[in-house]
Amino acid sequence: MEIREEILRRDFSNAFIEKMKNAIEMSHYKYGWASKTYPELAQAYKCIRERLEEYEKTHNKEYLIDVANFAMLEFLYPAFGDARYIPTDSDKSPGLAGGISYKELMKGE
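Predicted, not measured: the structure shown is a model, and the values here were computed from it.

K.L.:
What exactly am I supposed to notice about helix 2 (residues 14–31) here?
P.N.:
Along an α-helix, residues three or four apart share an orientation, since each turn contains 3.6 residues. With 18 residues, helix 2 should reach 26 Å at 1.5 Å per residue; the first-to-last C-alpha distance of 25 Å fits that figure. Of the residues flanking the start of helix 2, the one acting as N-cap is S13, its side-chain oxygen 3.4 Å from the backbone nitrogen of A15. G32, located one to two residues past helix 2, shows a positive phi value of around 95 degrees.

Printed below as a string of structure tokens:
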């Protein structure tokens, strides 16, 4: 059985998180406090789609950092008054888009 440390070592990126932190800091110096911008002046969730489209066009992974930061900002400062965090089981998840997980693949053998 895998342990948390092994799972995070293989399937988590601290470098990604550091890039998120750096981008948030740079954005602060460019735009000011996010808490004063979202959601009244801008909606972070709308920026996610735009950055994903840019990533699809350019394959520049910097846009993935932006997507993650905008998702975090939407989590912190939601545009919807009724936004809430409700953990869901697999039956409520949309699953993997157009694919299969490695674990599902191995079950099929």
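K.L.:
I'm lost on the packing of helix 3 (residues 44–58) against helix 4 (residues 62–76) in this one. Help?
P.N.:
At a closest axis distance of 8 Å, the pairing of helix 3 and helix 4 adopts a crossing angle of 170 degrees. As judged from the angle between their axes, helix 3 and helix 4 are roughly antiparallel. Between helix 3 and helix 4 lies a crossing whose hand is left-handed. Facing A44, Y45, C47, I48, R51, L52, E54, Y55 and T58 of helix 3, the residues of helix 4 in contact are Y63, L64, D66, V67, F70, A71, L73 and E74. Of the residues contributing to the contact of helix 3 with helix 4, the split by class is twelve nonpolar, one polar and four charged.

K.L.:
Whenever I open this one, the packing of aromatic side chains confuses me. Can you help?
P.N.:
Where two aromatic rings form a pair, the distance of their centres and the angle of their planes describe that pair. A complete count under the given rule lists two aromatic pairs for this structure. Pairing Y45 with F80 gives two aromatic rings, centres 5.0 Å apart and planes at 40 degrees, and the pair type is tilted. Within this pair, whereas Y45 is found in helix 3, its partner F80 is found in the loop between helix 4 and helix 5 (102–107), the two being separated by 35 residues in sequence. Measuring from ring centre to ring centre gives 6.4 Å for F75 and Y85, while their planes differ by 75 degrees; the resulting arrangement is edge-to-face. Here F75, found in helix 4, pairs with Y85, found in the loop between helix 4 and helix 5; they are ten residues apart in sequence, far enough to count as distant.

Thresholds, definitions, all that
- Residues numbered from 1 in each chain as written.
- Predicted model: local features only at pLDDT ≥ 70, side-chain atom pairs only at ≥ 80, totals over all residues.
- Heavy atoms only, no water.
- Helix = DSSP H or I, 4+ residues; strand = E, 2+ residues; numbered from the N terminus.
- Expected span 1.5 Å × (residues − 1).
- Polar contact = N/O pair within 3.5 Å; in protein donor to acceptor, adjacent residues only side chain to side chain.
- Axes fitted to C-alpha atoms, helices over the stretch in contact; angles between N-to-C directions.
- Parallel < 35°, antiparallel > 145°, perpendicular 65-115°, else oblique.
- Left-handed = near helix turned anticlockwise from the far one by under 90°.
- Contact = heavy atoms within 4.5 Å.
- Nonpolar A, V, L, I, M, F, W, Y, C, P; charged D, E, K, R; others polar.
- Phe/Tyr/Trp six-rings, centres within 6.5 Å; stacked < 30°, edge-to-face > 60°.

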